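Topology and contacts: notes
Below are the chains, spelled out letter by letter.
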Amino acid sequence: MRARLPLRLARSAVFTVVCVGLAVLGHRAAGGTGPATWAVAGGSAGVTLAATLIAGRERSPRTIIGFLIAAQVVLHELFGASGGAGSPLSLHVSHGQGLGAGLGMVIAHLTATLMTGWWLAQGESALWSVLRRMGTRALVGLSRLLTLLGGDPAALLPRPTGRGPRRLAPPPAREALRHTVTRRGPPLPATR
């Protein structure tokens, strides 16, 4: 299933708000003042463009989290280059030292990014699940209508893609084997 431009733009807008919002809040908490307005606007435009380009189909949690980490690194550097005063709450020494000198800044960025990436991946999975269900219901309704009108409903059925839906949760345990006890080895001799 491919996403058309309106769905791509909606998904990239949500990603941009979450990604840039996370970066701005992180810099405000760590540096006391937020980044410059031009940096936020430029970062938002860049993230929106990149997210729109990759939003053509459903993405895996690994892809979403990887893209979010890359965007956070770029935004961190962009916001650091835009200036901003430090504060006693600052978790890093300065922005002039690569990705930040402090381990606290890296851990804070990574933790927030992983939690946000997981949240976005869950939303992505839920959105595509709803879209697939809506598409299936629309096809069933349309095939019923065609049957009533004397058409061929088999022409509407989707072709199998060979790829099943993604599962984020482990498969359910089989009830029949849950309480089965197996012992290996030869049978014990009978005692009388």
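Criteria and cut-off values
- Residues numbered from 1 in each chain as written.
- Predicted model: local features only at pLDDT ≥ 70, side-chain atom pairs only at ≥ 80, totals over all residues.
- Heavy atoms only, no water.
- Helix = DSSP H or I, 4+ residues; strand = E, 2+ residues; numbered from the N terminus.
- Buried < 20%, exposed > 50% of the residue type's maximum accessible area, 1.4 Å probe, protein only.
- Contact = heavy atoms within 4.5 Å.
- Areas by Shrake-Rupley, 256 points an atom, 1.4 Å probe, with all protein chains shown as cover.
- pLDDT = per-residue confidence, 0-100.
- Polar contact = N/O pair within 3.5 Å; in protein donor to acceptor, adjacent residues only side chain to side chain.
- Salt bridge = Lys/Arg side-chain N within 4 Å of Asp/Glu carboxyl O.
- Core = buried A, V, L, I, M, F, W, Y, C linked by side-chain atoms within 4.5 Å.
- 1 Å grid on protein atoms, 1.4 Å probe; cavity = no way out; pocket = protein on both sides within 12 Å on 5 of 7 lines; lining within 4 Å.
- Points joined across faces, edges and corners; volume = space filled by probe spheres on them.
- Nonpolar A, V, L, I, M, F, W, Y, C, P; charged D, E, K, R; others polar.

Some words on the overall build of the protein chain
- Within the protein chain one finds 4 helices and 0 strands.
- Going through the 192 residues of the protein chain one by one, you find that 24% of them count as buried.
- Taking as baseline every contact in the protein chain between residues at least 6 positions apart, the subset at least 24 positions apart corresponds to 78%.
- A total accessible area of about 13,400 Å² is found for the protein chain, and carbon and sulfur atoms account for 66% of it.

Remarks on the confidence of the model for the protein chain
- The share of residues in the protein chain with pLDDT of 70 or more is 70%, and the mean pLDDT across the chain is 75.
- The element-level mean pLDDT for the protein chain is lowest in helix α4 (residues 103–149), coming to 81, with helix α2 (residues 37–54) highest at 90.
- pLDDT under 50 marks residues 85–101. Its contacts with residues more than four places away, or in other chains, come to 30 contacts.

What to know about the side chain of S12
- Counting through the fold element by element, S12 comes out in helix α1 (residues 5–31).
- Within the structure, the side chain of S12 is placed 3.0 Å from the backbone oxygen of L9, a separation counted as a polar contact.
- Among all residues touching S12, those that are not within four sequence positions of it are T48, A51 and T52.

So, the environment of G26
- Summarising the element assignment, G26 is placed in helix α1.
- Judged by relative accessible area, which is 30%, G26 ranks as partly exposed.
- Along the primary structure G26 and H76 are separated by 50 residues, whereas in three dimensions their C-alpha atoms are 9.2 Å apart.

Some remarks on the pattern of salt bridges
- Per the stated rule, a full pass over the model turns up 2 salt bridges.
- In this structure, E124 engages R11 in a salt bridge whose closest nitrogen and oxygen atoms are separated by 2.5 Å. Of the two residues, E124 sits in helix α4 while R11 sits in helix α1, which places them 113 residues apart along the sequence. Across this residue pair, the class does not change: E124 and R11 are buried.
- Its salt-bridge partner being E58, residue R132 comes within 3.1 Å of it at the nearest N-O pair. On the criterion of sequence distance, the pair formed by R132 in helix α4 and E58 in the loop between α2 and α3 (61–81) is long-range, its members being 74 residues apart.

Overview of the nonpolar core
- Residues F15, C19, V20, V47, L75, F79 and L120 are the most contacted members of the largest nonpolar core, which totals 16 residues.
- No other element matches the 6 residues that α1 contributes to this core.
- Look past the residues within four positions of F15 in its chain and what remains in contact with it is V47, A51, I64, F67, L68 and L120.

Some words on the layout of surface pockets
- Size it by volume and the second largest pocket reaches roughly 320 Å³.
- Lining the second largest pocket are 16 residues; nearest its centre among them are R11, F15, I64, L120 and E124.
- Of all the secondary-structure elements, those providing two or more residues to the lining of the second largest pocket are α1, α2, α3 and α4.
- Split by residue class, the lining of the second largest pocket holds 11 nonpolar, 2 polar and 3 charged.

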